[in-house]
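# Residue-level structure breakdown
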Amino acid sequence: MTSDRKRVRLFHSRTHAHEVLKGINVSEKTFVITGTTSGIGVDTAEVLALAGAHVVFINRNLKESENQKSRILEKKPDAKIDIIQCDLSDLRSVRRAGEEYVARKWPIHGLILNAGVFRPAVLKTKDGFESHFGVNVVAHFALLRVLLPVVRRSAPSRIVILSSTLSTRVGFKKSMNLEQKLRLLCGEDPSSSALQKYGASKLADMHLAFKLHRDEQKNGISTYSVHPGDAVRTDIFRNSPAGKVLSFLTTPFTKNSSQGAATTVYCATHPEVKEISGRYWESCWDDELRIDKEAARDVELQEELWKKLEGIDDRINGKIEHL
């Protein structure tokens, strides 16, 4: 990790995504973003497209993707936007999306794994995984595995993976061994609550980011684990009645989606953090005070999770030849 002791904090918790991009030229860059039909994904995609970047939406809902594209084109008729359909609850769909992207021969200067579910309506993915783990972790890993060679060829490049401070709500105990911790991460403990399963998926996403840093910084890829902010006003809680009520009551005190997208855009584009890889970010600053650092920085657990995810992907889709 590059030293940044002389950095001055340029942005804060109320910074909007478009403010982060002021003075930064992204017109020759291509960004791939999952989940751009709602929440902070909308603002992340829009601000990059309006700034002149080529933005590729990776979404399940084609109709809403086209609506989002049209809204941006109304503001910037020459915006460069493409759409690839991908159902993150179906690993075969994920593989097809990744292969379609590779076939297009576009570069990837920024891969933003943004999509996520909390308390999903369907408890299992089409492949039989607990949905928080299956969508938030397994699907993004499978997509990453296909696209990583493109990210390498496009270096210097960046990977941003959305996490959360709820990664502390997993239920780890000091008495647990590696296998027991891995089961919790993978949503395999039936006694875990929905909040714990979501937190586990976000800790797993953090593990992927830190593992990628160790493996890929030498290839010119910088990796960032990003928390958009506490109680950002998005619709991730749409399947939770209690979450909807809480979001309404806390609206005056929380970030809107543009403010929530600011840290993602900052890590994906800002020259100040170009080589500051392998850290956790919140409100446009790297600070690990609010995460469980012991759990997040567990290298052995990171390696075991990666191996498990490789096994899952190989079993369902077959060995990927070009990695």
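Here's a quick rundown of the structure. Note that the structure is predicted; figures quoted are calculated from it, not measured.

## Digging into the nonpolar core
As a rule of thumb, soluble globular proteins bury nonpolar side chains together. Counting 57 residues, the largest nonpolar core has Leu-91, Tyr-101, Leu-111, Phe-133, Ile-159, Leu-305 and Leu-309 as its most contacted members. At 13 residues, the largest contribution of residues to this core is made by helix α5 (residues 131-153). With residues near it in sequence (within four places) discarded, Leu-309 still touches Phe-133, Val-137, Val-138, Phe-141 and Leu-208. In this structure, Ala-49, Ile-72, Ile-83 and Val-265 belong to the second largest nonpolar core, which totals 35 residues.

## Concerning unusual backbone geometry
Cis peptide bonds are those with omega within 30 degrees of zero, and the linkage from Ala-155 to Pro-156 qualifies with 5°. With respect to the helices and strands, Pro-156 occurs in the loop between α5 and β5 (157-162). Positive phi outside glycine occurs at Lys-105, with the angle close to 65°. With respect to the helices, strands and loops of the structure, Lys-105 is situated in the loop between α4 (91-104) and β4 (110-113). Using a relative accessible area of 73% as the deciding quantity, one classes Lys-105 as exposed. Positive phi is not limited to glycine here, since Cys-284 has a value of about 60°. Position of Cys-284 among the secondary structure elements: in the loop between β7 (279-282) and β8 (285-286). For Cys-284, a relative accessible area of 1% corresponds to the buried category.

## Concerning the side chain of Thr-36
If you trace the backbone, Thr-36 turns up in the loop between β1 (30-34) and α2 (39-50). With relative accessibility at 0%, the residue Thr-36 sits in the buried group. Among the polar contacts listed, one links the side chain of Thr-36 to the side chain of Asn-59, at a separation of 2.7 Å. Filtering out sequence-adjacent residues up to four positions away, Thr-36 remains in contact with Gly-41, Val-42, Ala-45, Phe-57, Asn-59 and Gln-68.

Reading guide: rules and limits
Residues numbered from 1 in each chain as written. Predicted model: local features only at pLDDT ≥ 70, side-chain atom pairs only at ≥ 80, totals over all residues. Heavy atoms only, no water. Core = buried A, V, L, I, M, F, W, Y, C linked by side-chain atoms within 4.5 Å. Buried < 20%, exposed > 50% of the residue type's maximum accessible area, 1.4 Å probe, protein only. Helix = DSSP H or I, 4+ residues; strand = E, 2+ residues; numbered from the N terminus. Contact = heavy atoms within 4.5 Å. Polar contact = N/O pair within 3.5 Å; in protein donor to acceptor, adjacent residues only side chain to side chain.

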